[in-house]
Amino acid sequence: RIVPRFEELTKEKLGTAGTVRELSFGTTKEKMLVIEDCNNSRAVTIFIRGGNKMIVEEGKRSIHDALCVIRNLVKDSRIVYGGGAPEISCSLAVAEAAKKISTLEQYAMKSFSEALESVPLALAENSGFAPIHTLADIKSRQIKEKNPRLGIDCLNKGTNDMKTQSVIETLSSKRAQILLAVQLTKMILKIDDVRGSADQV
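Residues numbered from 1 in each chain as written. Predicted model: local features only at pLDDT ≥ 70, side-chain atom pairs only at ≥ 80, totals over all residues. Heavy atoms only, no water.

J.: What exactly am I supposed to notice about the environment of L155 here?
T.: Checked against the element boundaries, L155 lands in the loop between α5 (131-145) and α6 (162-165). Given the relative accessible area of 58%, L155 is considered exposed. When the C-alpha atoms of L155 and K11 are compared, they prove to be 58 Å apart, with 144 residues separating the residues in sequence. (Helix = DSSP H or I, 4+ residues; strand = E, 2+ residues; numbered from the N terminus. Buried < 20%, exposed > 50% of the residue type's maximum accessible area, 1.4 Å probe, protein only.)

Written as structure tokens, this is what we have:
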């Protein structure tokens with residue numbers, strides 16, 4: 001237990017450790033105290049070293065991102081496959097639903113369907129493929145094969161099935177991405193005028 005003052009230190013509040021040792025590392029012989037083999041300990045220390053501060057900060061960010069993914073999976077274990085597969089599948093579903101609507105809302109739904117395709121288009125372009133042809137091919141294959149797992153083969157593994165490639169994303173993060181994009185779009189649409197510095201003269 002945490003004891004704020006030495007006066008309150010009692011035997012019941014003390015813990016046990018298998019080993020306590022001091023480590024020296026680096027060219028400057030920096031020292032670190034290591035306490036190992038503790039009973040009932042759920043704390044883990046991750047030690048990051050790098051050639052400069054920027055590399056250390058990048059390592060910290062990477063570990064933080066990985067821990068956030070684990071946290072999301074603990075909170076909600078549902079996943080979707082990556083590679084732009086869910087965006088293409090959702091785009092097809094929204095476009096199909098838009099055909100059943102006779103009002104002006106169908107145009108908004110069609111635009112939303114096209115907006116969802118921006119993710120696989122960007123993935124294809126960044127992977128060196130012809131984005132429009134690649135997207136059209138994946139869309140037609142998803143419809144023909146009825147396989148929503150088909151996405152962009154960014155790593156050139158020879159298959160577009162993201163389940164085979166083990167490319168996954170958490171459902172909670174994917175849902176958050178789409179909701180955030182929609183909220184941002186709604187905010188922009190609410191702006192009816194933009195005034196620059198020249199307008200104020």
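J.: So what exactly am I meant to see when it comes to the pattern of salt bridges here?
T.: Side chains that carry opposite charge are capable of pairing whenever their charged atoms lie near each other. All told, the structure shown has 12 salt bridges when counted by the stated rule. The shortest N-O distance in the salt bridge between R5 and E8 comes to 2.6 Å. Since its relative accessible area comes to 28%, E8 is described here as partly exposed. By sharing partners, the salt bridges in this structure join E87, E169 and K174 into a single network. (Salt bridge = Lys/Arg side-chain N within 4 Å of Asp/Glu carboxyl O.)

J.: How should the nonpolar core be read in this particular structure?
T.: Proteins that are soluble and globular tend to have nonpolar side chains buried together. Core analysis: the biggest nonpolar cluster contains 6 residues, these being I88, A124, L135, I138, L150 and I152. Not counting residues within four places of it along the chain, the set of residues in contact with I88 comprises P120, L135, I138, K139, Q142 and L150. (Core = buried A, V, L, I, M, F, W, Y, C linked by side-chain atoms within 4.5 Å. Contact = heavy atoms within 4.5 Å.)

J.: How should I be thinking about a nonpolar patch on the surface in this particular structure?
T.: Together, F6, L9 and L14 make up a nonpolar patch on the protein surface, roughly 370 Å² of accessible area in all. Structurally, the position occupied by L14 is in the segment before β1 (19-25). Overall, L14 belongs to the exposed group, its relative accessible area being 52%. (Patch = residues over 30% accessible without salt bridge, like charges linked within 9 Å, V, L, I, M, F, W, Y side chains within 5 Å. Areas by Shrake-Rupley, 256 points an atom, 1.4 Å probe, with all protein chains shown as cover.)

J.: Help me understand the pairing of β1, please; the structure alone is not making it clear to me.
T.: Moving residue by residue along a regular strand, the side chains alternate between the two faces of the sheet. When β1 meets strand β2 (residues 30-36), the two strands line up antiparallel, connected through 7 bridges. The partner of R21 across the bridge, within β2, is V34. In textbook terms, the turn of a hairpin is the stretch between consecutive antiparallel strands, and for β1 and β2 this stretch comprises 4 residues, one of which, G26, has a positive phi near 80°. (Pairing = 2+ DSSP bridges.)

J.: Any chance you could explain unusual backbone geometry here in plain terms?
T.: Glycine aside, the phi torsion of most residues is negative, and most peptide linkages are trans. Here D37, not a glycine, exhibits a phi torsion of approximately 55°, which is positive. Here D37 falls in the exposed class, since its relative accessible area comes to 59%. Unusually for a residue other than glycine, S166 sits at a positive phi of about 60°. When you line up the elements, S166 lands in the loop between α6 and β4 (168-170). Residue classification places S166 among the exposed residues on the basis of a relative accessible area of 57%.

J.: Just checking my understanding: could you explain the side chain of N72 for this structure?
T.: Its place among the elements puts N72 in helix α1 (residues 53-75). Overall, the relative accessible area of 16% leaves N72 in the buried class. Those residues in contact with N72 that sit more than four places away from it in its chain are T170, S172 and S173.

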